[in-house]
Amino acid sequence: MNWQPVGDPVGYYGNKQGSFTKNKTVFVGAAPQVVHGRKAILGDFDNNGWLDVVIAGHGYDFKPFRGQGMPILMKDQGKFTTKGLPVRPGFYHSPCAGDIDNDGDVDIPVTDWFKNPRGVSRFLINDGRGNFAVDFSLLPPDVVHRTSELYDLNRDGYLDLILAGHEMDPGQETIILSGNGTGKYRREQSTVLRGPAEPCHSSGRFTPTCPAESV
């Protein structure tokens, strides 16, 4: 089966006192098309005072699972210009955004559950102007998750990385990788949450009180 859908154009709806109206004029050129869009994240990636948008999708969900790239819509003076992020087509479900290395700009962890050579999870490190470099060294090499969020869970000033998704699959347990301000996340500073039927609680530097494995 060689047929592949082209996807739906991204839509923008302006908010006027709680009433939303579609507006195609905010795009410079055509709006990007996304197949099976999963998540959109906001961030001022080029530090120009306007919120930009990254959109993740995984392409047509059928063999041969070609995947899809990841567009970023850079906003300036109320208009969006579409660029491509430096990632191969993949099964992208849930990027997130945050300043993982405390250098004043917003970086993007990208989760991709395709195994090598199709892709693995990685960081896109921002130069402060919205240009990104791929860095595989900041995550453990076995991280192949679907969902990611950044949050300072233990209030130490560093963003922690939460990874989850499809816990029934080997190697995809929900895990918290502790941030340390360098941008590098290690298995030695992590907590694996187990027992999805019961909520987990933690205090301090992730000491769970429900079934879990602290590494």
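Structure first, text after, so check above.
Source: prediction; values computed, not measured.

Caption draft 1: Representation of the pattern of salt bridges. Under the definition given, this model contains two salt bridges. With its nearest N and O atoms 2.6 Å apart, the salt bridge here joins K39 to E149. With K39 in strand β5 (residues 37-43) and E149 in strand β12 (residues 147-151), the pair connects residues that are 110 residues apart, well separated along the chain. R129 is paired through a salt bridge with D127; the nearest N and O atoms lie 3.2 Å apart. Under the relative-accessibility criterion, R129 is labelled exposed at 58%. Judged by relative accessible area, D127 falls into the partly exposed class, the value being 33%.

Caption draft 2: Highlighting the sheet that holds strand β11 (residues 132-135). With respect to topology, three strands assemble into an open sheet ordered β9-β10-β11, the strand pairing being antiparallel. The open sheet terminates on both sides in strands that have one partner only, identified here as β9 (108-110) and β11. Across the sheet, the mean angle separating the axes of adjacent strands is 25° when strand polarity is ignored. Bridge count between strand β10 (residues 122-126) and β11: four bridges; the pairing is antiparallel. Bridging across to β11, N126 finds its partner in F132.

Caption draft 3: Representation of unusual backbone geometry. With a phi angle near 55°, N47 is a residue other than glycine that sits in the positive phi range. By secondary structure assignment, the location of N47 is in the loop between β5 and β6 (52-57). Judged by its relative accessible area of 46%, N47 is partly exposed. Residue N102 is not a glycine yet carries a positive backbone phi of 55°.

Caption draft 4: Structural detail: the layout of surface pockets. The calculated volume of the largest pocket comes to roughly 260 Å³. Lining the largest pocket are 13 residues, with G11, Y12, L42, V53 and F80 sitting closest to its centre. Mapped onto the lining of the largest pocket, the elements with two or more residues apiece are β5, β6 and β7 (71-76).

Caption draft 5: Layout of the packing of aromatic side chains. In total, this model carries four aromatic pairs according to the counting rule given. The interplanar angle of 55° and the centroid separation of 5.8 Å between the aromatic rings of Y12 and F80 together place this pair among those described as tilted. Here Y12, found in the loop between β1 (8-9) and β2 (13-16), pairs with F80, found in strand β8 (residues 79-84); they are 68 residues apart in sequence, far enough to count as distant. Assessed through its relative accessible area of 27%, Y12 is described here as partly exposed. Centre to centre, the rings of F123 and Y185 are 5.7 Å apart; their planes meet at 15°, and the pair counts as stacked. Here Y185 lies in the loop between β14 (174-177) and β15 (190-193) and F123 lies in strand β10, a separation of 62 residues in the sequence. Like Y185, F123 is buried.

Caption draft 6: Geometry of the sheet that holds β7. Strands sit in the order β5-β6-β7-β8 across an open sheet of four strands; the sheet is antiparallel. Single-partner strands in this sheet number two, and they are β5 and β8. Each strand axis lies, on average, 20° off the axis of its neighbour in the sheet, ignoring direction. For β5 and β6, the ladder comprises six bridges, and the chain directions are antiparallel.

Scoring rules and cut-offs
- Residues numbered from 1 in each chain as written.
- Predicted model: local features only at pLDDT ≥ 70, side-chain atom pairs only at ≥ 80, totals over all residues.
- Heavy atoms only, no water.
- Salt bridge = Lys/Arg side-chain N within 4 Å of Asp/Glu carboxyl O.
- Helix = DSSP H or I, 4+ residues; strand = E, 2+ residues; numbered from the N terminus.
- Buried < 20%, exposed > 50% of the residue type's maximum accessible area, 1.4 Å probe, protein only.
- Pairing = 2+ DSSP bridges.
- Axes fitted to C-alpha atoms, helices over the stretch in contact; angles between N-to-C directions.
- 1 Å grid on protein atoms, 1.4 Å probe; cavity = no way out; pocket = protein on both sides within 12 Å on 5 of 7 lines; lining within 4 Å.
- Points joined across faces, edges and corners; volume = space filled by probe spheres on them.
- Phe/Tyr/Trp six-rings, centres within 6.5 Å; stacked < 30°, edge-to-face > 60°.

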